[in-house]
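Structure at a glance
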Amino acid sequence: MVREPFNLVLDEVRDIAPGVKHFAFEREDGDELKFIPGQFVQILFGTSESPVRRSYSIASRPGIERTVDVAVSAVVDGFATDRFWAMKPGDTVKALGPFGRLVLRDEPATRYLLVATGTGVTPYRAMLPDIARRLDESSQDISLMLGVRTRADLLYGDEFIAFAEEQPRFRFTAHYSRGLPDDAQPWEKQGYVQHAFDGEGLNPETDVVYLCGNPNMIDEAMLWLTGRGFTAQRVRREKYISGS
Ligand SMILES: Cc1cc2nc3c(=O)[nH]c(=O)nc-3n(C[C@H](O)[C@H](O)[C@H](O)COP(=O)(O)OP(=O)(O)OC[C@H]3O[C@@H](n4cnc5c(N)ncnc54)[C@H](O)[C@@H]3O)c2cc1C
């Protein structure tokens, strides 16, 4: 399928964690971007003859935001980072997409485990309206496990906590690699997110695991899962590798 780039106009930018910004774009042509929650867009920088491409998962929740939202984590001297950090509302960028297969499917899974580090949680934010529908219509359980350094790095944490309070079969846990706060809540855990799998009672016959974000987390998690009998069909991955 041939895809044509489209222009996105920056509507709003805000800090959501140290070194992480949330960008809300509108399509310049006024159309709503059709995408399946979990997919990503490519942002094209530089000239149209030799653009530099960077991929960003779409964070917008269909039915809640009409904008194309992304969360960008700063990389020191990063090509795209420098350009994102210089953007002001009204600025335009070229984009391509949507792309990607990290999407929820219709399948007889008993439980979905959605695992992320940092901005890798944005595809799951986009899935929240779909997840709410699934929880209403099926008996599936869905757990979201987010790994970040500290509580301050917990992007969209309030939204996930509120969602978990509304939805009894949705569980949210935050995993801090740099230590728990003194007033840690039951949903806050110490350690790397992939090291918490042991306590999850995962079943390779009935559960499906999604992994998104840091490539090291995904490789380590994959080793653990395949060692417990998970086949490739039961694990879906999106590595936030650098470059185009
Ligand atoms: C499918 C997909 C979806 C993605 N979604 C997101 C998203 O939603 N949010 C997001 O912030 N990023 C996401 N990424 C990563 C993103 O595409 C860029 O790679 C990232 O923003 C860095 O780009 P840059 O041009 O600023 O850095 P570059 O100029 O590419 O890198 C500069 C230097 O930093 C190193 N580097 C690059 N990235 C990292 C990193 N993450 N950690 C440590 N060192 C790094 C590079 O190796 C290089 O040495 C995604 C990647 C993929 C493949």
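Everything that follows concerns the structure shown earlier in this document.
Residues numbered from 1 in each chain as written. Predicted model: local features only at pLDDT ≥ 70, side-chain atom pairs only at ≥ 80, totals over all residues. Heavy atoms only, no water.

Observations regarding the sheet that holds strand S7 (residues 111-117)
Spatial ordering of the open sheet is given by S10-S9-S8-S7-S11-S12, a layout of six strands whose pairing is parallel. Here the strands that pair on one side only, and so sit at the sheet edges, are strand S10 (188-190) and strand S12 (235-239). The mean angle between the axes of side-by-side strands here comes to 15°, regardless of whether they run parallel or antiparallel. Examined bridge by bridge, strand S9 (residues 170-176) and S10 share three bridges and lie parallel to one another. Bridge assignment links alanine 174 to a residue of S10, and that residue is glutamate 188. Sheet strands in contact with helix H3 (residues 157-166) are strand S8 (141-148) and S9, and its direction is about 145° off that of S9. Relative to strand S11 (residues 207-213), helix H4 (residues 215-227) is tilted by about 160°, and along the sheet it contacts S7, S11 and S12. (Pairing = 2+ DSSP bridges. Helix = DSSP H or I, 4+ residues; strand = E, 2+ residues; numbered from the N terminus. Axes fitted to C-alpha atoms, helices over the stretch in contact; angles between N-to-C directions. Contact = heavy atoms within 4.5 Å.)

Side note on the nonpolar core
By size, the foremost hydrophobic cluster in this structure holds 35 residues, and its most contacted members are Val121, Tyr124, Ile131, Phe170 and Phe172. Tallying contributions element by element places helix H2 (residues 122-137) first for this core, with six residues. If you count residues domain by domain, this core takes at least three from each of domain 1 (6-99) and domain 2 (111-239). One finds Leu8, Phe25, Leu33 and Val93 within the second-largest nonpolar core, a separate group that totals 21 residues. (Core = buried A, V, L, I, M, F, W, Y, C linked by side-chain atoms within 4.5 Å. Buried < 20%, exposed > 50% of the residue type's maximum accessible area, 1.4 Å probe, protein only. Domains from an automatic or database assignment.)

Just distances and angles here, no functional claims.
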